[in-house]
Amino acid sequence: KKIKWDIPLLEGYKYKFLKNFSLKPSSEFWGQINLGIIKEIYDLRFKNYNGILIFGWNSFTNWMAFLTAFILGLPVFLRGENPLNQELLKPKWKIKIKKVILGNLFKRISAFLYIGEENKKFYQYYGVSEEKLFFVPYAVDNERYIAAAENFEPQKQKFRNELGIKQNDGVILFGGKLIEKKRPMDLLMAYELLSKIKNQKIKIHLVFMGDGALRLELEKYVEENNLKNIHFVGFKNQTELPKYYAMADVFILPSGVGETWGLMVNEAMCFGLPVIVSDIVGCGFNLVKQGENGYIFPLGNVERLADYLTAILENFNKRILFGEKSFSIIQKYNYENDIKGILKAIICSTK
């Protein structure tokens, strides 16, 4: 499906799209061959720029950018997402090769803008020194989401009514693509365990916000196992998201390898929601304080996930306290601190 964001993404920016000469355009290494990047960087020699910010190294275009900048002696700032906990799951032979390739690349980088603790550890693992590391947190537009939370809170029950959810019912929210990496089936199976508990204090609903290849499989599982109070609301655009955060009591991201951060957790925390993530999700090590604003469960352990859901949903006071802590934690993961981190990197790398 073609998706178009319903908020302006490029408004207010100077930008240029370079022609992609790849025969099979994609997000893979050879899927991005933008030869024009060489001229763009070459022209920077005559302009008053402090450096070039490159996002990752997983494309041919990125490597052309690195080489051009190095030849011209221009400072390069690198921003990637890789968390160390996921890196160490890779085969040892692959890590050895990467230590040679990345080790040589990283020696030439002026500054590394790390998004969180596991990302910082990744760079350190590959030999980056502390003085080259600058915290530029992975952030969403906190101001927009917090304002939306304030506006949508009075309509919380109205939104719940649309799905047949009563005021005192508990609502579990999943947000993201329904694909293997996100592991939505783990959450569905945990919900199934909850549904079998007798004498539950409250009625529980599960809302899947998103769409993807696993939707039919999930819906089939729901039907075959006669599960109730599960709502598939499909893909929701940026202006629609707040409605579902507002109606929820807890946000879940059970993802596996490949979930290098999980920005929807940031969004949910702007709404003061408790959060539960797997121990693979990159943001967990920064945003989730165990037993304070949520829980981190072992990947694939649906029993533990079900226990944590019960702990939050059946204790109203805990939900409130966890939500307040989430809101407090997310305050420093904002654009202002991104700007501070980038400016600090510029100042330190140009001394």
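Attention in this report is confined to the structure presented alongside it. Everything quoted here is computed from the prediction, not taken from an experiment.

Cut-offs and rules
Residues numbered from 1 in each chain as written. Predicted model: local features only at pLDDT ≥ 70, side-chain atom pairs only at ≥ 80, totals over all residues. Heavy atoms only, no water. Pairing = 2+ DSSP bridges. Helix = DSSP H or I, 4+ residues; strand = E, 2+ residues; numbered from the N terminus. Axes fitted to C-alpha atoms, helices over the stretch in contact; angles between N-to-C directions. Core = buried A, V, L, I, M, F, W, Y, C linked by side-chain atoms within 4.5 Å. Buried < 20%, exposed > 50% of the residue type's maximum accessible area, 1.4 Å probe, protein only. Contact = heavy atoms within 4.5 Å. 1 Å grid on protein atoms, 1.4 Å probe; cavity = no way out; pocket = protein on both sides within 12 Å on 5 of 7 lines; lining within 4 Å. Points joined across faces, edges and corners; volume = space filled by probe spheres on them. Nonpolar A, V, L, I, M, F, W, Y, C, P; charged D, E, K, R; others polar. Patch = residues over 30% accessible without salt bridge, like charges linked within 9 Å, V, L, I, M, F, W, Y side chains within 5 Å. Areas by Shrake-Rupley, 256 points an atom, 1.4 Å probe, with all protein chains shown as cover. Salt bridge = Lys/Arg side-chain N within 4 Å of Asp/Glu carboxyl O.

**So, the sheet that holds strand E3 (residues 111-114)**
- A sheet is described by the order of its strands in space; here 4 strands give the open sequence E1-E2-E3-E4, paired in parallel fashion. Of all the strands in the sheet, the pair left with one neighbour each is strand E1 (52-55) and strand E4 (133-135). Between one strand axis and the next, the sheet turns by 30° as a mean value, whatever way the strands run.
- Bridge count for E1 against strand E2 (residues 76-79) is 4 bridges, and the pairing is parallel. Opposite Ile-52, over in E2, you have Val-76 as the bridge partner.

**Things to note about the nonpolar core**
- Leu-173, Met-209, Tyr-245, Phe-251, Val-265, Phe-271 and Leu-287 are the most contacted members of the largest nonpolar core, which has 39 residues in total.
- Setting aside its immediate chain neighbours within four residues, Phe-271 contacts Tyr-145, Ala-148, Ala-149, Pro-242, Tyr-245 and Ala-246.
- Of all hydrophobic cores here, the second largest spans 33 residues; its members include Tyr-221, Val-222, Leu-227 and Phe-322.

**A short note on the layout of surface pockets**
- Counted as a void, the second largest pocket has a volume near 1400 Å³.
- Surrounding the second largest pocket, 33 residues form its lining, Lys-16, Leu-18, Ile-37, Ile-52 and Leu-53 being those nearest its centre.
- Elements that contribute at least two residues to the lining of the second largest pocket include exactly helix H1 (37-43), E1, helix H2 (60-72) and helix H15 (335-349).
- With 4 residues, the top contributor of residues to the lining of the second largest pocket is E1.

**Overview of empty space enclosed by the protein**
- One pass over the full model with this rule turns up 1 cavity of 30 Å³ or more.
- Reported here for the largest cavity is a volume of approximately 30 Å³.
- Around the largest cavity, the lining residues are Glu-81, Pro-83, Ile-115, Gly-116, Glu-117, Glu-118, Asn-119, Thr-260, Trp-261, Gly-282 and Asn-286.
- Sorting elements by how many residues they give to the lining of the largest cavity places helix H5 (residues 117-125) first, with 3 residues.
- Residues belonging to the lining of the largest cavity are distributed by class as follows: 3 nonpolar, 5 polar and 3 charged.

**Some remarks on a nonpolar patch on the surface**
- A grouping of Ile-3, Trp-5, Leu-9, Leu-10, Tyr-13, Tyr-15, Phe-17 and Phe-235 is seen on the molecular surface, where their side chains present a nonpolar patch of about 920 Å² in accessible area.
- Take Tyr-13: it is sitting in the segment before H1.

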